[in-house]
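# Descriptive structure summary
Okay, here's what each chain looks like letter by letter:
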Amino acid sequence: MYVAVKGGEAAINAAHRLLADRRRGERSLPSVTIEQIVEQLALAVDRVMAEASLYDRALAALAVRQSRGDMIEAIFLLRAYRTTLPRFGSSEPIDTAKMHIARRISATYKDLPGGQVLGPTFDYTHRLLDPSLLTDEDVDLPSRKEPLPGASTRVSDILATEGLIEGDGELPDDQPPGDLTREPMEFPMGRDLRLQALARGDEGFLLALGYSTQRGFGRNHPFVGEIRIGEVEVELDVPELGFAVSLGRVQVTECQMVNQFKGSAKAPPQFTRGYGLVFGQSERKAMSMALVDRALRAEELGEDITAPAQDEEFVISHADNVQATGFVEHLKLPHYVDFQAELALVRKMRADIEAAQKVKAGPLRDAAE
Amino acid sequence: MTVSAPDTSSPGTEARKRAAGLLARASREELTGAWDALATKPDYTPVRGPETGLVMVRGRIGGGGGPFNLGEATVTRATVLLASGIAGHAHALGTDKPKVRLAAVFDALWQDGETRSFVESAILAPVEARIAEEDRQQAEETAATRVDFFTMVRGDD
Amino acid sequence: MSMNAQALAGGFSDPVFDSQAVFRLLMDGMSRPGTIQTVGIDVEQPLPLGRAAGAVALALCDADTPVWLQSAMAKSGAPQWIAFHTGAPVVQEKSDARFAFMQSPAGICSFGLFALGTQEYPDRSTTLVIEVASLVDGQPLTLSGPGIRDKVTVKVTGLPEVFLSIWNDNRALFPRGADVILTAGDALLCLPRTTRIAAGETACM
């Protein structure tokens with residue numbers, strides 16, 4: 001129960017002013033620019049875009065700056081901004097096979113068309129703090145090499161030629177994909193809606209769930225078939241032109257998880273798949289998403305549902321960090337009246353119990369005395 | 001509203017798509033540079049926008065399966081009408097309204113046989129060349145990180 | 001197929017305030033069924049769409065609201081105009097439509113093929129925008145129900161004779177059912193699914 005109370009206005013105004021000051025920090029230092037955040041804190045910007053479910057690097061950087069680096073606050077800001085804009089339509093599905101690749105690796109095939117290209121990865125770094133970054137030292141330009149001709153074939157297509165792996169995951173052609181920002185969620189939901197929820201889900205939550213499947217809570221024997229990061233074309237069908245035009249490119253991370261599967265009453269022994277697709281560069285998130293996507297297919301593949309990561313309602317209902325933070329943090333709002341009621345109730349219960357104990361203990365004590 | 005048909009010798013859908021895609025990728029500086037270089041500036045009236053909204057970006061399950069909604073992207077669009085009666089449309093990722101309005105003007109100028117070659121040489125060709133160079137650099141930098149496996153000779157004894 | 005100049009013409013000159021103004025008219029109209037609201041904004045809609053119907057399309061339709069058009073409208077410049085200005089997809093199946101634009105009396109024999117909502121989500125129904133000849137002359141109808149003090153009489157020219165029985169069938173589905181906006185030129189009048197309609201003038205008052 002909430003009761004309107006007044007009186008905090010001056011305090012709130014002063015708090016906003018103080019927040020603005022603390023956000024700016026020490027005035028003798030230059031203010032960090034949006035361009036600097038986009039260029040130098042690129043992965044923070046990518047995380048905000050992915051979980052806000054809005055691709056716009058400049059706005060995501062603005063949100064990071066305004067939120068003092070609090071990622072969930074930044075995601076919240078960008079989500080809120082998104083609601084102020086009209087939606088012009090939906091793009092043609094992006095084609096990750098035509099990606100301009102910045103990184104592409106496979107843990108299942110050593111030699112594959114297009115090769116293994118590491119790109120700008122933290123893997124193989126020694127995780128030693130680098131004192132040279134304490135100062136603004138010059139950084140070498142990247143080395144260059146002639147690219148291999150030809151496309152980077154998908155690993156799933158290589159496996160598909162042997163017929164040992166399931167298909168991509170078809171939906172009826174005429175069925176438009178569900179949109180959880182437009183219609184209330186209902187369980188059970190289709191894989192299209194689950195993937196949308198996971199793509200905007202909290203990285204930490206999905207990471208923990210993915211980890212739990214590896215530790216045995218709904219184990220699904222995963223291999224990274226392929227991870228690719230790069231830019232893809234976004235095309236929109238424009239009614240005034242009558243055909244689709246390119247709006248530009250967005251960067252995405254895609255993870256194809258390949259899972260060993262011994263078969264069930266519903267499906268033969270084969271490799272099954274989990275899929276991850278995320279805005280920006282974020283392979284931890286894409287991998288976690290693919291693990292959880294596969295875990296959530298337990299019902300479809302006739303597996304026993306025994307673990308949290310396989311429980312659709314549990315996973316999807318709790319993956320959104322803006323919803324989660326809203327409900328957790330609302331607890332700090334005034335609950336004075338609720339609490340007064342609880343206090344009166346506990347006092348009464350305590351008094352009743354003490355009275356009952358006194359009655360029970362009374363004659364004994366009398367006897368002892 | 002009726003307008004006389006101007007010279008729009010139809011160059012085909014593919015050519016129009018290419019022009020629209022390159023105008024979307026052009027920077028504001030590239031477009032204003034071309035505008036400044038234009039000998040006679042055309043009169044145009046805004047029909048719609050420039051306005052910023054969202055496009056829901058879709059992916060495919062498993063990379064090639066059924067579509068799903070990945071997340072939205074900011075998009076700015078504009079439609080202008082030249083005094084000649086040609087309508088120009090532009091859509092581009094991001095929130096740069098002046099850029100997209102100019103892109104719509106150039107889309108209209110591109111449809112006019114009189115000015116198409118200017119648009120091609122002042123914007124489309126340079127933007128195409130810039131993108132090709134950026135892609136080449138990115139591809140070469142990425143290729144340098146390609147792993148060349150070699151198998152160590154194993155000694156059994 | 002690229003669009004002609006007529007499709008690009010008009011629209012709201014001030015999209016935010018104009019759509020708010022039309023929304024306000026509709027909100028007042030829906031909350032006080034039977035009152036006549038007048039659209040003052042020239043939206044240069046293509047015929048046979050009336051001004052009020054065109055303004056309703058601009059204010060309420062977008063990429064998420066499939067639109068169904070009666071054949072005469074579907075053959076006009078209306079589909080392209082609606083597509084350009086609102087982004088709404090024009091659909092063939094009535095049941096897929098969130099809004100339907102039609103001219104009376106042709107073809108109104110039942111609401112049954114339109115979306116009528118579900119018990120859980122009665123809002124997922126089609127709103128029908130029906131252009132009639134007049135909202136000030138013609139067959140008197142007595143309205144009652146939520147938003148109406150006692151009774152109110154409206155006069156409509158151009159509704160088919162079966163409309164009352166269609167409407168009674170629609171009422172019987174409550175909370176499911178379609179909502180109707182009658183338009184005549186720049187005037188509009190709302191008939192939400194809660195309104196009862198009887199033929200003839202109000203007897204007393």
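Here's what I pulled together on the structure shown here. (Residues numbered from 1 in each chain as written. Chains lettered and ligands numbered in written order. Predicted model: local features only at pLDDT ≥ 70, side-chain atom pairs only at ≥ 80, totals over all residues. Heavy atoms only, no water.)

## Details of the overall build of chain B
Scanning chain B from N- to C-terminus turns up four helices and three strands. When its helices and strands are written in sequence order, chain B yields α-α-β-β-β-α-α. Long-range pairs, those at least 24 residues apart, make up 56% of the contacts in chain B with a sequence separation of at least 6. Surface accessibility of chain B: about 7,100 Å² in total, with carbon and sulfur atoms responsible for 51%. (Helix = DSSP H or I, 4+ residues; strand = E, 2+ residues; numbered from the N terminus. Contact = heavy atoms within 4.5 Å. Areas by Shrake-Rupley, 256 points an atom, 1.4 Å probe, with all protein chains shown as cover.)

## Considerations on the sheet that holds strand β3 (residues 99–103) of chain C
All names here are of chain C. As summarised here, the arrangement of the six strands in space is β1-β8-β7-β4-β3-β2, forming an open sheet in which the pairing is mixed. This sheet does not close on itself; its edge strands, each paired only once, are β1 (37–38) and β2 (67–69). As paired strands, β3 and strand β4 (residues 127–131) are joined by five bridges and run parallel to one another. Pairing of Phe99 across the sheet is with Thr127, part of β4. (Pairing = 2+ DSSP bridges.)

## Observations concerning the pattern of salt bridges
Applying the stated criterion to the full structure yields 49 salt bridges over all chains. Notably, a salt bridge pairs Asp95 of chain A with Lys98 of chain A, separated by 3.9 Å at the nearest N-O pair. Accessibility expressed as a relative area gives 33% for Asp95 of chain A, which makes it partly exposed. Taking relative accessible area as the criterion, Lys98 of chain A reaches 64% and is therefore assigned exposed. The partner of Arg194 of chain A in a salt bridge is Glu312 of chain A, and the shortest N-O contact between them spans 3.0 Å. Here Arg194 of chain A, found in helix α7 (residues 191–199), pairs with Glu312 of chain A, found in helix α10 (residues 312–318); they are 118 residues apart in sequence, far enough to count as distant. Three or more residues are tied together by salt bridges with common partners; here these are Arg82, Arg87, Asp179 and Arg182 of chain A, Glu72 of chain B together with Asp64 of chain C. (Salt bridge = Lys/Arg side-chain N within 4 Å of Asp/Glu carboxyl O. Buried < 20%, exposed > 50% of the residue type's maximum accessible area, 1.4 Å probe, protein only.)

## A closer look at helix α6 (residues 163–172) of chain C
All names here are of chain C. Those residues of α6 lying buried are Phe163, Leu164, Ile166, Trp167 and Asn170. Viewed along the axis of α6, the buried residues span an arc of 160°, placing them on a single side of the element. Those residues of α6 that are exposed and angled more than 90 degrees off the buried face are Asp169 and Ala172. Contact partners of the buried residues in α6: β4, β5 (134–144), β7 (179–184), β8 (187–191) and β9 (196–199). (Arc of directions from axis to C-beta.)

## Some points on the interface of chain A and chain C
In this assembly, eleven residues from chain A lie in contact with ten residues from chain C. Buried area between chain A and chain C, summed over both chains or domains, comes out near 840 Å², and the portion from carbon and sulfur atoms is 47%. Counting the surface chain A buries against chain C, the share from its top three residues, Glu183, Pro239 and Glu240 of chain A, is 47%. Seen at the junction of chain A and chain C, the total is three salt bridges. Tallied by class, residues from the side of chain A that touches chain C come to four nonpolar, two polar and five charged. (Buried area = accessible area lost by both parts, 1.4 Å probe. Nonpolar A, V, L, I, M, F, W, Y, C, P; charged D, E, K, R; others polar.)

## Looking at the side chain of Asn69 of chain B
Within the secondary structure, Asn69 of chain B is located in strand β2 (residues 67–82). A polar contact is formed between the side chain of Asn69 of chain B and the backbone oxygen of Gly178 of chain A, at a distance of 2.8 Å. Separated by 3.1 Å, the side chains of Asn69 of chain B and Arg58 of chain B make a polar contact. Asn69 of chain B has contacts with Pro177, Gly178, Asp179 and Gln196 of chain A together with Met56, Val57 and Arg58 of chain B, leaving out every residue within four places of it along the chain. (Polar contact = N/O pair within 3.5 Å; in protein donor to acceptor, adjacent residues only side chain to side chain.)

## Digging into helix α3 (residues 51–60) of chain C
Residues and elements named next belong to chain C. Across the ten residues that make up α3, a large majority, seven, are buried. Among the residues of α3, Ala52, Ala53, Gly54, Ala55, Val56, Ala57 and Leu58 are the ones counted as buried. Looking at the buried side of α3, the elements it contacts are α2 (15–31), α5 (78–86), β3, β4, β7 and β8.

## A word on a nonpolar patch on the surface
Residues and elements named next belong to chain A. There is a patch of nonpolar side chains on the surface, built from Leu345, Val346 and Met349 and spanning about 270 Å² of accessible area. With respect to the helices, strands and loops of the structure, Val346 is situated in helix α12 (residues 336–368). Taking the relative accessible area as the measure of exposure, Val346 reaches 45% and is therefore partly exposed. (Patch = residues over 30% accessible without salt bridge, like charges linked within 9 Å, V, L, I, M, F, W, Y side chains within 5 Å.)

## Structural notes on the side chain of Asn220 of chain A
Residues and elements named next belong to chain A. With respect to the secondary-structure elements, Asn220 resides in the loop between α8 (203–214) and β4 (222–238). Relative accessible area serves as the criterion here: at 3%, Asn220 is assigned to the buried category. Asn220 has contacts with Thr213, Asn259, Gln260, Leu291, Arg294 and Ala295, leaving out every residue within four places of it along the chain.

## Details of a negative patch on the surface
Together, Asp130, Asp136, Glu137, Asp138 and Asp140 of chain A line one region of the surface with negative charge. Structurally, Glu137 of chain A can be placed in the loop between β3 (100–105) and α6 (155–160). (Lys, Arg positive; Asp, Glu negative; His and termini not counted. Charge placed at Lys NZ, Arg CZ, Asp CG, Glu CD.)

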